[in-house]
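In case you want the letters, here they are:
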Amino acid sequence: MAEKSDSSEPSAIVFDLSQIREDVGRPTRLMSWLVRHSGRRVLSQRPGRVEAGAGQARHTIRVTLANPFEREAVLFHEAGEPVPQHVLEDIKRWQREHGRD
């Protein structure tokens, strides 16, 4: 029979590193594709960073995930309307899910 854990013990937090790498790697791969199609050469690529060059010029491009709900809030502000509560909740939820709170 399994023992019940004491409720005062902290629960373990488990991170799936392969999923985190995939989440960060997806926009990095997109940026590398854009760099190649703009006529530049990808010199190196790792999650969150692309090194590119053309001739003697060398550029470092940092890649991060963007909260799409923040853009939605900006659109409401630009229209002079109040930001709906569900958009604010979506922003907070996205930040919580992506470790940005």
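Anything mentioned here points back to the structure above.
Quick summary incoming for the structure in this document. (Residues numbered from 1 in each chain as written. Predicted model: local features only at pLDDT ≥ 70, side-chain atom pairs only at ≥ 80, totals over all residues. Heavy atoms only, no water.)

### Examining the overall build of the chain
At step 1: When helices and strands are counted, the chain shows three helices and three strands.
At step 2: Listing the helices and strands of the chain from first to last along the sequence gives α-β-β-β-α-α.
At step 3: By the burial criterion, 18% of the 101 residues in the chain qualify as buried.
At step 4: In the chain, the share of contacts with a sequence separation of at least 24, taken over all contacts with a separation of at least 6, comes to 23%. (Helix = DSSP H or I, 4+ residues; strand = E, 2+ residues; numbered from the N terminus. Buried < 20%, exposed > 50% of the residue type's maximum accessible area, 1.4 Å probe, protein only. Contact = heavy atoms within 4.5 Å.)

### Quick look at the environment of Ile61
At step 1: With respect to the helices and strands, the residue Ile61 is situated in strand 3 (residues 57-62).
At step 2: With relative accessibility at 23%, the residue Ile61 sits in the partly exposed group.
At step 3: Put simply, Ile61 and Glu51 are ten residues apart on the chain and 6.3 Å apart in space, counted from C-alpha to C-alpha.

### Some details on the pattern of salt bridges
At step 1: Throughout the structure, instances matching the rule amount to three salt bridges.
At step 2: Across the pair Glu51 and Arg58 runs a salt bridge whose closest N-O atoms are separated by 3.4 Å.
At step 3: By relative accessible area, which is 56% here, Arg58 ends up exposed.
At step 4: Residues Asp90 and Arg93 are paired through a salt bridge, measuring 3.4 Å at the closest nitrogen-oxygen approach. Of this pair, Asp90 and Arg93 both sit in helix 3 (residues 85-97), three residues apart, which is roughly one turn of that helix.
At step 5: Among the charged side chains, a salt-bridge network with shared partners connects Asp90, Arg93 and Glu97. (Salt bridge = Lys/Arg side-chain N within 4 Å of Asp/Glu carboxyl O.)

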